[in-house]
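# Fold and geometry: a report
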Amino acid sequence: MHKVVIPEKVVARVIKRQGRWNVHDDVPAQETAFVVVDMQNYFMAPGQQVEIPAARAIVPNVNRLAGALRDAGGLVVWIRTVSNEDSFRNWSHFHDVLNTPERRARRAAAMAETAFGSQLWPELDVRPGDLIVRKTRYSAFIQGSSPLEVELRQRGIKAVWIGGTSTNTCCESTARDAMLLDFRTTMVSDANADHNDEEHNATLINFCINFGDVAATDELIGRLAKAGRN
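This write-up is about the structure you can find in this document. (Residues numbered from 1 in each chain as written. Predicted model: local features only at pLDDT ≥ 70, side-chain atom pairs only at ≥ 80, totals over all residues. Heavy atoms only, no water.)

### Quick look at the sheet that holds strand β2 (residues 75–81)
Condition: Note on pairing: two strands pair once DSSP finds at least 2 bridges between them. Numbering goes from the N terminus for both helices and strands, where a helix is a DSSP run of H or I of at least four residues and a strand is a run of E of at least two. Throughout, an axis means a line fitted to C-alpha atoms (over the contacting stretch in the case of helices), and angles, computed between N-to-C directions, take values from 0 to 180 degrees.
Read across the sheet, six strands follow the order β3-β2-β1-β4-β5-β6 without closing on themselves; strand pairing throughout is parallel. Of all the strands in the sheet, just β3 (131–135) and β6 (213–215) have a single pairing partner and so form its edges. Averaged over all pairs of adjacent strands, the angle between their axes in this sheet comes to 25°, without regard to strand direction. Pairing geometry for strand β5 (residues 184–193) and β6, over three bridges, is parallel. Bridge assignment links Thr186 to a residue of β6, and that residue is Asp213.

Written out as structure tokens, the structure reads:
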């Protein structure tokens, strides 16, 4: 698991701006969704094209946090990235410019709807009543990528906790867009995973400075437990 390091000067800067470290700690569980991004075989299975080994290490935290929020009345959302004709047509820059033809073909095959790579990692504790959403871009919230925003609005969700992989790509993109759509957004520091500590921490630092809260799994579970006792 990543060693999370947020410098004290960054913490001081955030507190100076907003008065305290975390400002989204008062949202009821019933108005909160834990959005788990791309915890699927393509990013987690050994030998896959974009294997992120640290993603396997965060599975216990993802499952614990999902269970705690679910038990408190919140919503758990599992995001799957898939490649289809819409993504090739309307996100052609990514597929045709940022990938070699060989890499594009491998990704397309691995991320097709029924392919092994697009399926959720089997050790995730997915339950009936959870929401499973497909996306076709890095961000699950950007226009044309998925129905996530509509699904959350219909359920009265006002805050999102973001976990998954990779921290600095699909998770960060989803978290930033969530904030810009006026969801109160928290990135879970030890339930996100990236290729290395440096990329992981750089994302958390930038997010807390400019976009929202950063909190750990135990802290969020503690909030739920405290709210349940009140």
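Back to the write-up after that little detour.
### Brief notes about helix α11 (residues 217–229)
Quick reminder of the rule: Each residue after the first adds 1.5 Å to the expected span of a helix. For the exposure calls, accessible area comes from a 1.4 Å probe over protein chains only, and a residue counts as buried if that area is under 20% of its type's maximum, exposed if over 50%, partly exposed in between. Regarding the arc, it is the one traced by the directions from the helix axis to the C-beta atoms. By definition in these notes, contact holds between two residues if any of their heavy atoms fall within 4.5 Å.
Its 13 residues place the ends of α11 19 Å apart at the C-alpha level, agreeing with the 18 Å of an ideal helix rising 1.5 Å per residue. Buried within α11 are the following residues: Thr217, Leu220, Arg223 and Leu224. Seen from one end, α11 has its buried residues packed into an arc of 130°, which puts them on one side. Exposed and oriented more than 90 degrees from the buried face of α11 are Asp218, Lys226 and Arg229. In this structure, the buried side of α11 is in contact with α4 (59–71), β4 (159–165), β5 and β6.

### Things to note about the pairing of β5
Applicable threshold: By convention, orient the strands away from the viewer: a clockwise path from the first strand over the helix to the second makes the crossover right-handed.
Burial of β5 is extensive: nine of the ten residues sit out of reach of the surface. Of the pairings in the sheet, the one linking β4 to β5 comprises six bridges and is parallel in character. Residue pairing in the sheet places Ile162 in a bridge with Met187 of β5. Read from β4 through helix α9 (residues 167–180) to β5, the crossover connection turns out right-handed. The parallel pair β5 and β6, bridged by helix α10 (residues 197–210), forms a crossover whose chirality is right-handed.

### Considering the packing of aromatic side chains
Selection rule: Each Phe, Tyr or Trp ring, with Trp reduced to its six-membered ring, pairs with another whose centre is within 6.5 Å; inter-plane angles below 30 degrees give stacked pairs, above 60 give edge-to-face pairs, and intermediate values give tilted ones.
Tallied over the entire structure, the rule returns three aromatic pairs. Between Tyr42 and Phe43 the ring centres are 5.0 Å apart and the planes differ by 85°, which places this aromatic pair in the edge-to-face class. The class of Phe43 is buried, set by a relative accessible area of 10%. A centroid spacing of 5.8 Å and a plane angle of 20° characterise the contact between Phe207 and Phe211, whose relative ring orientation is stacked. Neither Phe207 nor Phe211 differs from the other in exposure class; each is buried.

### Things to note about unusual backbone geometry
With an omega of -10°, the peptide bond between Thr165 and Ser166 qualifies as cis. Within the element layout of this structure, Ser166 appears in the loop between β4 and α9. If you check the backbone angles, Asp38 has positive phi at about 60° while not being a glycine. Along the chain, Asp38 falls in the loop between β1 (32–37) and α2 (41–44). Positive phi outside glycine occurs at Asp182, with the angle close to 80°. Structurally, Asp182 is set in the loop between α9 and β5.

### Comments concerning the state of the cysteines
Each disulfide consists of one covalent bond between the sulfur atoms belonging to two cysteines. Cut-off, in case you're wondering: Count a disulfide wherever a pair of cysteine sulfur atoms falls within 2.5 Å.
In total, this model carries zero disulfides according to the counting rule given. With no disulfide of its own, Cys170 lies closest to Cys171 among cysteine sulfurs, the gap being 6.9 Å. A relative accessible area of 6% places Cys170 in the buried class. This cysteine, Cys208, is not joined by any disulfide, and Cys171 carries the nearest cysteine sulfur, 16 Å off. For Cys208, a relative accessible area of 1% gives the class buried.

### Considering α9
As a reminder, the rule being used: Fitting one axis to the seven residues ending at a residue and another to the seven starting there, the bend at that residue is the angle between the two axes.
Of all the bends in α9, the greatest, near 25°, is centred on Ser173. Taken residue by residue, α9 has Thr167, Cys170, Cys171, Glu172, Thr174, Ala175, Asp177 and Ala178 as its buried positions. Summarising the contacts, the buried residues of α9 are in contact with β1, β3, β4, β5 and α10. Phi for Asp182, located one or two positions after α9, is positive at around 80°.

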